[in-house]
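A structural walkthrough
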Amino acid sequence: MNLRPFVIALSLSAAALCSTASKPAPACGPVRAEDVVEAVVGNHFEALDMRDRERMLSAWNEGAAVVSIGQPTLVETVEQASTRWITHKQPVTYKILKVEVADRTAKARVEVSFEGNKIEDSLLLVATRDDRWRIAGKSSRVLEAAARSGAASRY
């Protein structure tokens, strides 16, 4: 009996199963916390780009703090900040520079393009009791401000 077609079909099935992960883990092993944190951060920025406030807030802890470092420094809740954020007019792009996970907390450093400004975000994430990651706070600082007339937008 020739088992070659069966082995090929089984191999293709296993490959298809492994490819359904957003980032393939070695041999479809356990999901790394870093990958989950990156997915939560990505969900936030993709929702921000689409101006989807509800989806964006789903990545955050309720009442999380947002600090915009500048003159003056602005401190507000994510609910307040998100109302302002979704009024943007230009595409939002982001690049996750670094993710560090320690126990049930994580820090993500992200470079963001928002309203023509290049911004560095530091996000603090925590794992909830049901092992879901949520953003607990964020600080932002402008790396490169867009040349424009009038007041610069706050992110």
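Parameters at a glance
- Residues numbered from 1 in each chain as written.
- Predicted model: local features only at pLDDT ≥ 70, side-chain atom pairs only at ≥ 80, totals over all residues.
- Heavy atoms only, no water.
- Buried < 20%, exposed > 50% of the residue type's maximum accessible area, 1.4 Å probe, protein only.
- Helix = DSSP H or I, 4+ residues; strand = E, 2+ residues; numbered from the N terminus.
- Arc of directions from axis to C-beta.
- Contact = heavy atoms within 4.5 Å.
- Core = buried A, V, L, I, M, F, W, Y, C linked by side-chain atoms within 4.5 Å.
- Pairing = 2+ DSSP bridges.
- Axes fitted to C-alpha atoms, helices over the stretch in contact; angles between N-to-C directions.
- Polar contact = N/O pair within 3.5 Å; in protein donor to acceptor, adjacent residues only side chain to side chain.
- Lys, Arg positive; Asp, Glu negative; His and termini not counted.
- Salt bridge = Lys/Arg side-chain N within 4 Å of Asp/Glu carboxyl O.

**Looking at helix α4 (residues 78-85)**
All of the buried residues in α4 are Val-78, Ala-81, Ser-82 and Trp-85. Down the axis, α4 shows its buried residues gathered within 100° of arc, on one side only. Summarising the contacts, the buried residues of α4 are in contact with α2 (33-49), α3 (53-57), β1 (60-69), β2 (74-77), β4 (105-114) and β6 (133-144).

**Re the nonpolar core**
Ranked by size, the top nonpolar core spans 27 residues in total, and within it Trp-60, Trp-85 and Leu-125 carry the most contacts. Among the elements of the structure, α2, β1, α4, β4, β5 (117-127) and β6 are those that each provide at least two residues to this core. In contact with Trp-60, not counting residues within four places along its chain, are His-44, Ala-65, Val-66, Val-78, Trp-85, Arg-134, Ile-135, Gly-137 and Lys-138.

**Considering the sheet that holds β5**
Sheet strands pair via backbone hydrogen bonds, and the direction of the pair is either parallel or antiparallel. The 6 strands lie next to each other as β2-β1-β6-β5-β4-β3, forming an open sheet whose pairing is mixed. With one partner strand each, in any of the chains shown, β2 and β3 (93-102) form the two edges of the open sheet. The average angle at which neighbouring strand axes cross in this sheet is 15°, direction not considered. By the bridge criterion, 9 bridges tie β3 to β4 in an arrangement that is antiparallel. Bridging from a neighbouring strand, Val-99 pairs with Ala-108 of β4. Running at roughly 150° to β3, α2 makes contact with β1, β3, β4, β5 and β6 of the sheet.

**Some remarks on the environment of Val-37**
Take Val-37: it is sitting in helix α2. According to the relative accessible area criterion, Val-37 is buried, its value standing at 0%. A sequence separation of 68 residues divides Val-37 from Thr-105, and the C-alpha atoms of the two residues are 9.7 Å apart. Once residues lying within four places of it in the same chain are set aside, the contact partners of Val-37 are Val-99, Val-101, Ala-106, Leu-125 and Trp-133.

**Quick look at the environment of Asp-121**
Within the secondary structure layout, Asp-121 lies in strand β5. On the basis of relative accessibility, which here comes to 0%, the residue Asp-121 falls in the buried class. In sequence terms Asp-121 and Arg-141 are 20 residues apart; their C-alpha atoms lie 6.7 Å from each other. Within the structure, Asp-121 has its side chain in polar contact with the side chain of Ser-140 (distance 2.5 Å).

**Structural notes on the side chain of Arg-134**
Of note, Arg-134 is situated in strand β6. An unpaired buried charge is present at Arg-134: no salt bridge exists, and Asp-130, the closest side chain of opposite charge, is 6.6 Å distant. There is a polar contact of 3.3 Å between the side chain of Arg-134 and the backbone oxygen of Ser-58. Beyond its immediate sequence surroundings of up to four residues, Arg-134 is in contact with Ser-58, Ala-59, Trp-60, Asn-61, Leu-124, Leu-125, Val-126 and Thr-128.

**What to know about the pairing of β5**
Across the 11 residues that make up β5, a large majority, 8, are buried. Pairing analysis gives 10 bridges linking β4 to β5, with the strands arranged antiparallel. What sits directly across from Val-112, in β5, is Ile-119. From the end of β4 to the start of β5, which pair antiparallel, there are 2 residues, and Glu-115 there has a positive phi angle of about 55°. Inspection of the sheet shows β5 paired to β6 by 10 bridges, in the antiparallel sense. The partner of Ser-122 across the bridge, within β6, is Ser-139. With antiparallel pairing between neighbouring strands as the criterion, β5 and β6 make up a hairpin whose turn holds 5 residues, including Asp-131 at a positive phi of roughly 60°.

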